[in-house]
Amino acid sequence: LNEEQKEAKDEILANDITVLRGQAGSGKAQPLSARVLTPSGYVRMGDLNVGDYVSTPAGGKAAILGIYPQGIKDVYKITFSDKSTTYACLDHLWAVQHRDDKHTPKRRKGYANNNHDRWRILTTKQLLDAGLQNTQGYNKWYIPITNPVDLSCPWIDDKIDPYLLGCLIGDGHFGNHGITFSNIDQQVLELVKDSAADLGVGFKPTGYGCDYRLTTRLGAPNKLLKHTQDLNLAGTKSQTKFIPQEYLLQSVDDRIALLQGLLDTDGGVEATTVCYNTTSEQLASDVEFLVHTLGGTTTRRQRLSKLYGAATGSINYTVTIKLPANLEHQYFRLDRKQDRLPANKKKPSRSIKSIELVGQDECQCIYINS
């Protein structure tokens, strides 16, 4: 696009260079409104400062060493196969793998490994010029799947065990003055009972079917109830449940435990995929964030809920979940569900579906210590 880039390209081709670092002004920019993941959650690109930390694809974090305004630029919306999106400029650099390299590995002259390991660095413009779909209509370009991200929200004292919270969000009732839990799986009941006991909370049958009350002896403080009140979960119904932000931003192990509690109660195995069902749109979004930060992908579908064949007026959201290979044995703690996982379950992948010009905006790029 300019003489400096042409010179850099010639150097790469002549000297077998595999890494290119672009300096400020080369246009690798995002709009100030774009969301950037940091160890404490998403932050607007325009709100970042030198010294702040951002999350990296390797799963760690890196400090911002410099921020470089790029002025008003054309902004493109990039939509991926799982319907996730981001925004970037034409000169933004992408690590991509061609569909042919991903699905038809062959040894080629000059490559020591097969094409499964072959990645190219292309700009947004080069991707558009090359076309996003092949003649059969399949997406041509895949981007890397990131590692689980290490997040760092400080814990409150006497926290609720993440697995217990996931179970309660799935099959619990958060009353303003008490908490009940409904489930028929003995293994889940024992896990919930043990976790509640760590907070000094008992687990007692109510006498109504499979309902249990999580309570304490008369006059003793109920730490579990107090925590749900502090987290604004008390009084929530099926359509208004959510995952508190504090629990979405914990360590990888804690987020896995939280997801297992959710899936042991309201999750299941459909064909070759794992799905989570809820009537809360916010909870569906929270589960998606949880899976994405673990290096997985999701897709969501919705339909009108029915009871005995009649529409209830509410919407049921089904989130299909694909975790990376190193976490594929950690979907569930409930043995009967874990045993249903097929050997050929689908792995997460993310391909570029569309790139659309959405207008112009003030943009900037950041330089990080990575």
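Read on for a plain summary of the structure. All of these numbers come straight from a predicted model, not from anything done at the bench. Sequence positions are assigned chain by chain, starting from 1 and proceeding in written order. Local features in a predicted model are, by the rule used here, given only for residues with pLDDT of at least 70; side-chain atom pairs are given and counted only at 80 or more, and totals for whole chains, interfaces and linings are based on all residues. Derived side-chain values reflect all non-hydrogen atoms in the structure, with water molecules and hydrogen atoms excluded from consideration.

Moving on to the packing of helix α8 (residues 252-266) against helix α9 (residues 281-293). Orientation of α8 relative to α9, taken along the N-to-C sense of each, is 135°, at an axis distance of 10 Å. On the basis of their axis angle, the class for α8 and α9 is oblique. Read as a crossing pair, α8 and α9 show a hand that is left-handed. Where α8 approaches α9, its residues Arg255, Leu258, Leu259 and Leu262 are matched on the opposing element by Val287, Leu290, Val291 and Thr293. Among the residues forming the contact of α8 with α9, the class breakdown is 6 nonpolar, 1 polar and 1 charged. Lines are fitted to the C-alpha atoms to define the axes, a helix being fitted only along its stretch in contact, and any angle between axes, read from their N-to-C directions, falls within 0 to 180 degrees. Secondary structure counts use DSSP, requiring at least four H or I residues in a row for a helix and at least two E residues in a row for a strand, with both numbered from the N terminus. To sort the angles, those under 35 degrees are grouped as roughly parallel, those over 145 as roughly antiparallel, those from 65 to 115 as roughly perpendicular, and the leftovers as oblique. Left-handed is the label given to a crossing in which the near helix is rotated counterclockwise from the far helix by less than a right angle, and right-handed is the label when the rotation is clockwise. Note on contacts: a residue pair is in contact if any heavy atoms of the two residues lie within 4.5 Å. Asp, Glu, Lys and Arg are counted as charged, while Ala, Val, Leu, Ile, Met, Phe, Trp, Tyr, Cys and Pro are counted as nonpolar; the rest, among them Gly, fall into the polar class.

Here we take up a nonpolar patch on the surface. The grouping of Leu65, Tyr68 and Tyr367 at the surface amounts to a nonpolar patch, some 270 Å² of accessible area in total. Position of leucine 65 among the secondary structure elements: in strand β5 (residues 61-80). Overall, leucine 65 belongs to the partly exposed group, its relative accessible area being 44%. Within this analysis, patches are made of residues with over 30% relative accessible area and no salt bridge. Like charges are joined at 9 Å or less; nonpolar side chains (Val, Leu, Ile, Met, Phe, Trp, Tyr) at 5 Å or less. For the area figures, the Shrake-Rupley method with a 1.4 Å probe applies, and any residue is considered shielded solely by the protein chains shown. One side-chain nitrogen of Lys or Arg within 4 Å of one carboxyl oxygen of Asp or Glu is enough to make a salt bridge. Each residue gets one of three labels from its accessible area relative to the maximum for its type: buried under 20%, exposed over 50%, partly exposed in between, using a 1.4 Å probe on protein chains only.

The next thing to look at is the environment of serine 33. Mapped onto the elements, serine 33 comes out in the loop between β1 (30-31) and β2 (35-38). Sequence spacing of serine 33 and valine 43 is 10 residues, and the spatial spacing of their C-alpha atoms is 9.1 Å. Apart from the residues lying within four places of it in its own chain, the contact partners of serine 33 are Arg44 and Asp361.

Between 30 and 60 degrees the pair is tilted, below 30 it is stacked and above 60 it is edge-to-face, where a pair is any two Phe, Tyr or Trp rings, Trp via its six-membered ring, whose centres lie within 6.5 Å. Counting across every chain of the model gives 5 aromatic pairs. Centroid distance phenylalanine 181 to phenylalanine 203: 6.5 Å. Interplanar angle 50°. Geometry classified as tilted. A residue pair is termed long-range when its members are at least 10 positions apart, and phenylalanine 181 in strand β11 (residues 179-182) and phenylalanine 203 in strand β12 (residues 202-205) qualify at 22 residues. For phenylalanine 203, a relative accessible area of 14% translates into the label buried. Between tyrosine 331 and phenylalanine 332, the ring centres sit 6.3 Å apart and the planes meet at 35°, which makes this aromatic pair tilted. Exposure remark for tyrosine 331: the relative accessible area of 2% places this residue in the buried category. Assessed through its relative accessible area of 4%, phenylalanine 332 is described here as buried. Placement of a positive charge over a ring is assigned whenever Lys NZ or Arg CZ falls within 6 Å of the ring centre and within 35 degrees of the normal to the ring plane. Residue placement shows arginine 35 over the ring face of tyrosine 42; its charged tip is 4.0 Å from the ring centre.

Our focus in this paragraph is α8. One less than the number of residues in a helix, times 1.5 Å, gives the span that helix is expected to have. For α8, built from 15 residues, the straight-helix expectation of 21 Å at 1.5 Å per residue is met to within 8% by its first-to-last C-alpha distance of 21 Å. For α8, the tally of buried residues reaches 12 of 15 residues, placing the bulk of the element in the interior. For α8, the full list of buried residues reads Asp254, Arg255, Ile256, Ala257, Leu258, Leu259, Gln260, Gly261, Leu262, Leu263, Asp264 and Thr265.

One pass over the full model with this rule turns up 11 salt bridges. One salt bridge in this structure joins lysine 159 and aspartate 254, with 3.6 Å as the shortest N-O distance. One end of the pair, lysine 159, is in the loop between β9 (141-143) and α4 (162-171); the other, aspartate 254, is in helix α8, with 95 residues separating them in the sequence. In this structure aspartate 254 comes out as buried when scored by relative accessible area, which is 17%. Shared partners join several salt bridges into a network, and the residues in it are Asp101, Arg118 and Arg120.

So, about the state of the cysteines. Working definition: the covalent bond between the sulfur atoms of two cysteines is a disulfide. Disulfides are defined in this document as cysteine sulfur pairs within 2.5 Å. In this structure the tally under the stated criterion is 0 disulfides. Here cysteine 363 stays free of any disulfide, with the sulfur of cysteine 89 as its closest cysteine sulfur at 3.7 Å.

To continue, consider unusual backbone geometry. A positive phi is found at lysine 83, a non-glycine position, where the angle reads about 75°. If you trace the backbone, lysine 83 turns up in the loop between β5 and β6 (85-88). Overall, the relative accessible area of 61% leaves lysine 83 in the exposed class. Phi at asparagine 232 is positive, roughly 65°, even though this residue is not glycine. With respect to the helices and strands, asparagine 232 occurs in the loop between α6 (223-230) and α7 (245-248).

Two faces make up the sheet, and in a regular strand the side chains alternate between them. Two strands are counted as paired when DSSP detects at least two bridges linking them. Two strands pair when backbone bridges link them, and strand β14 (residues 267-270) and strand β15 (residues 273-278) are joined in this way by 4 bridges, in the antiparallel orientation. Considered in β15, the bridge of glutamate 270 is made with threonine 273. Here β14 folds back onto β15, and the loop between the two strands holds 2 residues, one of which, alanine 271, carries a positive phi near 55°.

Okay, the sheet that holds strand β13 (residues 211-215) next. Ordered by their spatial adjacency, 4 strands build an open sheet running β10-β11-β13-β12, and the pairing between neighbours is antiparallel. With partners counted over all chains shown, the strands left at the sheet margins are β10 (172-174) and β12, one partner each. Put simply, the sheet's adjacent strands are angled 25° from each other on average, direction ignored. Here β12 runs beside β13; their pairing, made up of 4 bridges, is antiparallel. Bridging from a neighbouring strand, phenylalanine 203 pairs with leucine 214 of β13.

A word on the pairing of β5. Here strand β4 (residues 53-55) runs beside β5; their pairing, made up of 3 bridges, is antiparallel. Residue valine 54 lies in a different strand from β5, and its bridge partner there is alanine 62. If you look at the hairpin formed by β4 and β5, you'll find 5 residues sitting between the two strands, and glycine 59 has a positive phi there, around 105°. Across 15 bridges, the pairing between β5 and strand β18 (residues 350-368) is antiparallel. Each residue of the ladder has a partner; that of isoleucine 72, found in β18, is glutamate 362. Adjacent in sequence and paired antiparallel, β5 and β6 are bridged by 4 residues, among which lysine 83 carries a positive phi angle near 75°.

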